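# A structural walkthrough
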Amino acid sequence: MSKEIYENPDLKKERQNCPFNKEEITHLLDGGKEKTIERKQLENYILSDEQLKDAVPMEYLSHADKYAEELRKACLLMHKLADSPAGQVPTLRALMGAGLGSAVLKEGNPLALHYVMFIPALMGQGTIDQQAKWLEKAYNLNMIGTYAQTELGHGTFLRGLETRATYDPKTQEFILESPSLTAYKWWPGSLGKTANYAVVMAQLYTKGKCEGTHPFMVQLRDEETHEPLPGIVNMWLNPVCISSYIHYGTYVKPTNSKLSYATMVFVRVVVCQDVTTNLRKAVTIATRYSCVRRQSELKPGDREPQVMDYQAQQNKLLPPLAATFAFQLAADHLWNLYHTANNNIEQGDLELLPDLHGLSCALKALCSSEAANFVEVCRQSCGGHGYMSCSNFPRIYGQVTAAETYEGENTVLWLQVARYLVKTRKEQSGGLSVKYLIGEEKGPKTVDTTLEGIVKLYRRAAVGLVDVAIAELDKSGRKGEAPHDAWNHAAVYLIKAAQAHARLFVVESFVDSLKEGKLSAPVRTVLSQLCELFIIYWLLERSGDFFLCSNLTKQDLLLLNSKYVELLAAIRPQAVNLVDSFDLRDEVLNSPLGCWDGNVYQRLFDEAAKSPLNQSNVHESFHKYLKPLLKSNL
Ligand SMILES: CC/C=C\C/C=C\C/C=C\C/C=C\C/C=C\CCCC(=O)SCCNC(=O)CCNC(=O)[C@H](O)C(C)(C)COP(=O)(O)OP(=O)(O)OC[C@H]1O[C@@H](n2cnc3c(N)ncnc32)[C@H](O)[C@@H]1OP(=O)(O)O
Ligand SMILES: Cc1cc2nc3c(=O)[nH]c(=O)nc-3n(C[C@H](O)[C@H](O)[C@H](O)COP(=O)(O)OP(=O)(O)OC[C@H]3O[C@@H](n4cnc5c(N)ncnc54)[C@H](O)[C@@H]3O)c2cc1C
């Protein structure tokens, strides 16, 4: 007799009469039906392996045991690569990020940097000969690498890195040294115990002149014993410069000194997708839980309502739900730009490099900061149970908020974006994503609150805030301030302009994707509602920017507020169906609050029972500490 599959009755009701085809949205997010089939096959292949399951919850292991357990599984995953039904690269991409990878490696992947930065650095900056020598070794895992750039004293200011690589023309060797404590490489993932090689970013000195930061391949540990090589702590020998800038002792300048920063651009691009995956997990957990959880009294005398029926809860969860689509579509556009720019750069055409740098900084800073804020809202929307470690919100939040710092601290990246915007606006020249800055904004300044009218408002704010920042810079200049002081004193305006640019890109990506996409009418309807909700939400959150830069009136704002709450009510009935469309397996969500069946309370109880403290009625510490205290009559 087949066991009746439990489904929480409220969730069951939420799923009845779904007006759109969930699979159509799943395919849209996966990149097509074939990609969905491939993903599901890969998930089955990985998640069915009993050796990849945790015997005990990771939170109850020691630091060293956590490391060992994650390394065991990471190595097992690499052995499974060869037989993966999805092929090596799609499998690696799935295993490195917040999706399938985090379902197995909950504390992090000790081999992530090898694939996310070490190999991309070789591919992006190594010469053909160097790639021939190292790439096969790296792909075959005959070496494990990391990307060692950040030092104790410097992470942001790369021109201030202290590690030096001095070229000795006599021996044709580079001598790498960390001249001070603050020069010690600090933070690189896998550097502590896992990697035996590293791409080390160091200041290149040749003929007594500093030529700036360059990447060097350095062996860290003996390939057999894994012991650190002699002098590894403060002196590294035999590094090799990864790039072809030293010809017979003479330094040959690269076509663009920033090409050595290319690896960071790649990670900024993939981070946008990764934080979006984490946000999808958080929204799914919070939405399903909010339809299972019944609390308080909405209508006097009635049964306790689903907390999702409170407008306040819809206001918490539906904007992040909409954001998952907005960020995914924007990240897809950025990924396409990355490939176009990279192909051009390989042909020596660097024209798109500033656009790629500007946009990757903007989107990485926006998606990571917005996702971190939204994940925290999702956590809070689940009350006390959202605070539990087993809810998975603490881990999801930790992963997303880290992305606000790594790969370029967000504030610093916003200022990079502002530099690019001010230059484009002043020089009236620029590439893809800043066309709106070239020439004057055309059309009437009157406001219409249609979708197109709202997009025009975003464009006005993006242009207007750049002009406000430029006016501040010019004002400081007229007062005789040096450019660097004027820049520092305009930072608040510059960052606002950068953020408005990033929001415009996301809004236009969302709107354009709906225009271009081949969608069924029901899917187009629900995605259009999400799009309109999201762009009004952001406008209401940042209304000051729009008042400053357009003819937006109080009446317009009141109208948009009404439209916003109408959209909350319109989307509410489809919230569970929309998160079901993400097709995130319970193992990927890894949360008793978000499971498909909604059996929340039993799962919470089962999780609590796993705690070592719940294996006995009285813990031994009672007799050691508490009992003596109780008897001490203080
Ligand atoms: C197989 C796997 C595939 C996929 C993976 C799947 C999932 C992965 C998911 C997630 C990732 C998983 C794990 C990742 C975990 C951890 C990774 C984190 C690793 C790190 O943190 S590595 C260290 C990162 N560090 C930084 O980012 C440092 C930030 N600082 C800088 O970048 C620079 O200092 C700076 C840009 C802030 C300033 O540099 P500068 O002072 O040299 O330049 P200026 O400001 O003076 O500008 C001069 C000029 O140069 C232009 N410029 C600057 N940077 C770039 C660039 N990168 N590209 C192009 N152009 C650049 C700038 O615009 C100026 O131009 P202008 O014309 O003169 O104005
Ligand atoms: C989880 C994680 C993983 C990491 N992995 C790696 C890795 O694998 N390899 C690696 O090399 N590094 C790695 N890092 C380091 C990371 O790249 C740096 O922490 C990051 O670049 C920020 O630099 P910082 O720590 O020096 O911060 P700082 O730049 O010192 O930031 C401190 C404050 O100073 C402000 N600030 C700095 N410069 C400016 C400016 N010009 N204008 C205005 N404000 C400014 C910042 O906004 C911030 O508020 C990792 C970090 C984390 C958190």
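Residues numbered from 1 in each chain as written. Chains lettered and ligands numbered in written order. Predicted model: local features only at pLDDT ≥ 70, side-chain atom pairs only at ≥ 80, totals over all residues. Heavy atoms only, no water.

Our working rule: UniProt positions are given in the numbering used here, feature names are shortened, and annotations may be inferred rather than shown by experiment.
Under an unreviewed UniProt entry, the name given to the protein is Acyl-coenzyme A oxidase, and the source organism is Daphnia pulex. Word for word, the UniProt comment on the protein under Pathway (unreviewed entry) is "Lipid metabolism; peroxisomal fatty acid beta-oxidation."

## Here we look at the overall build of the protein
Let me state the cut-off plainly: Runs of H or I in DSSP of at least four residues are treated as helices and runs of E of at least two as strands, each being numbered from the N terminus. Here the radius of gyration uses the C-alpha set of atoms, whereas the globule reference equals 2.2 Å times the residue count to the power 0.38. Throughout, exposure labels follow a simple rule: accessible area from a 1.4 Å probe, protein chains only, divided by the maximum for the residue type, with under 20% read as buried, over 50% as exposed, and the rest as partly exposed. Whether two residues are in contact is decided by their heavy atoms, any of which lying within 4.5 Å being enough. Each accessible area value is a Shrake-Rupley result obtained with a 1.4 Å probe; residue values ignore everything except the protein chains displayed when judging cover. In this tally, Lys and Arg are treated as positive and Asp and Glu as negative; His is ignored, and so are the chain termini. Charge coordinates come from a single atom per side chain, which is NZ of Lys, CZ of Arg, CG of Asp or CD of Glu.
Scanning the protein from terminus to terminus reveals 24 helices and nine strands. Relative to the compact-globule value of 26 Å for 634 residues, the protein shows a C-alpha radius of gyration of 27 Å, a close match. Along the three orthogonal principal directions, the C-alpha set of the protein runs to about 90 × 75 × 65 Å. Classification of the 634 residues of the protein by burial places 50% in the buried group. Taking contacts inside the protein between residues at least 6 apart in sequence as the whole, the part at least 24 apart equals 72%. As presented, the protein carries roughly 30100 Å² of accessible surface, and 55% of it is formed by carbon and sulfur atoms. Of the side-chain charges in the protein, 68 are positive and 72 negative, and the distance between the mean point of each set is 3 Å.

## A few points about empty space enclosed by the protein
Short version of the rule: Cavities and pockets were defined on a 1 Å grid built from protein atoms only: a cavity is a group of points that admits a 1.4 Å probe but offers it no way out, a pocket is an open group of points flanked by protein on both sides within 12 Å along at least five of seven lines, and a lining residue is one with an atom within 4 Å of any such point. Grid points are joined across faces, edges and corners, and a volume is the space filled by probe spheres set on the points. Here the term charged refers only to Asp, Glu, Lys and Arg, the term nonpolar to Ala, Val, Leu, Ile, Met, Phe, Trp, Tyr, Cys and Pro, and the term polar to all other amino acids, Gly among them.
If you walk through the whole model with that rule in mind, you get two cavities of 30 Å³ or more. In this model, the largest cavity occupies a volume close to 80 Å³. For the lining of the largest cavity, the secondary-structure elements that each account for two or more residues are α15 (451–478), α17 (491–516) and α19 (543–549). Examining the composition of the lining of the largest cavity, we find that five residues originate from one element, α17, more than from any other. When grouped by side-chain class, the residues that make up the lining of the largest cavity number six nonpolar, one polar and four charged. Lining the second largest cavity are S102, K106, N278, K281, N392, R395, I396, Q399, V588 and N590. Those elements that provide at least two residues to the lining of the second largest cavity are α9 (262–292) and α13 (393–402). The leading source of residues in the lining of the second largest cavity is α13, at three residues. Considering only residue class, the lining of the second largest cavity consists of two nonpolar, five polar and three charged.

## Notes on the nonpolar core
Filter applied, for reference: Note on terminology: a nonpolar core comprises buried Ala, Val, Leu, Ile, Met, Phe, Trp, Tyr and Cys residues joined through side-chain atoms within 4.5 Å.
Grouped together as the largest cluster of nonpolar side chains are 187 residues, with contacts concentrated most on I46, F325 and F534. Non-local contacts of F325, meaning those with residues more than four positions away in its chain, are made with I25, L29, F510, L527, L530, L578 and F582.

## A word on the state of the cysteines
To be explicit about the condition: The definition used for a disulfide is geometric: two cysteine sulfur atoms within 2.5 Å.
Summed over the entire model, instances satisfying the criterion amount to zero disulfides. This cysteine, C378, is not joined by any disulfide, and C382 carries the nearest cysteine sulfur, 7.3 Å off.

## Section: the layout of surface pockets
Any empty space left between the atoms is revealed when a probe the size of a water molecule rolls over them. Quantified by volume, the second largest pocket comes out at close to 710 Å³. As for the second largest pocket, its lining consists of 30 residues, of which K106, E587, N590, E607 and K610 are closest to the centre. Of all the elements in the fold, those that place two or more residues in the lining of the second largest pocket are α3 (33–47), α6 (100–104), α22 (586–589) and α23 (600–609). A per-element tally of the lining of the second largest pocket places α23 first, with four residues. Each residue belonging to the lining of the second largest pocket can be placed in one class, and the counts come to twelve nonpolar, six polar and twelve charged.

## A word on the site of ligand 1
How we decide: One heavy atom suffices: a residue is near a molecule or strand as soon as one of its heavy atoms comes within 4 Å of it. Identification of polar contacts relies on pairs of N or O atoms within 3.5 Å, with a donor-acceptor requirement for protein atoms, meaning one able to donate a hydrogen and the other able to accept it, and with residues adjacent in sequence counted only if both atoms are side-chain atoms.
Around ligand 1, the structure places 27 residues, and the nearest of them are T156, K258, Q416, R419 and K423. Separating an oxygen atom of ligand 1 from a backbone N or O atom of T156 is a distance of 2.6 Å. Elements with a minimum of two residues in the shell around ligand 1: α5 (88–96), α7 (112–125), α9, α11 (353–380) and α14 (410–427). Residue composition of the shell around ligand 1, grouped by class: eleven nonpolar, eight polar and eight charged.

## Looking at the packing of helix α2 (residues 22–30) against helix α18 (residues 521–541)
Angle between the axes and distance between the axes are the two parameters that describe a pair of packed helices. This is how the line gets drawn: Only C-alpha atoms enter the line fits that serve as axes; for helices the fit covers just the stretch in contact. Angles between N-to-C directions range over 0 to 180 degrees. We call two directions roughly parallel when the angle between them is under 35 degrees, roughly antiparallel when it is over 145, roughly perpendicular when it lies between 65 and 115, and oblique otherwise. Should the near helix be turned counterclockwise from the far one by less than a right angle, the crossing is left-handed, whereas a clockwise turn marks it as right-handed.
Across the interface, α2 lies against α18 with an axial gap of 9 Å and an inter-helix angle of 65 degrees. Judged by the inter-axis angle, α2 sits roughly perpendicular to α18. When the axes of α2 and α18 are compared, the crossing they make is right-handed. Residue-level inspection shows E24, I25 and L28 of α2 in contact with α18, the latter providing V523, V526 and L527. Per-class residue counts for the contact of α2 with α18 are five nonpolar, no polar and one charged.

## Details of the side chain of E472
On the secondary structure map, E472 appears in helix α15. Given a relative accessible area of 16%, E472 falls into the buried group. When near neighbours in sequence (up to four residues on either side) are disregarded, E472 contacts A490 and Y493.

## A few points about the UniProt feature "active site" (unreviewed entry) in the protein
The feature "active site" (unreviewed entry), as given by UniProt, occupies E407 in the numbering adopted here. Looking at the secondary structure, you find E407 in the loop between α13 and α14. With a relative accessible area of 12%, E407 lands in the buried category. Excluding residues within four positions of it along the chain, E407 makes contact with M117, M264, V267, R268, K364 and L413.

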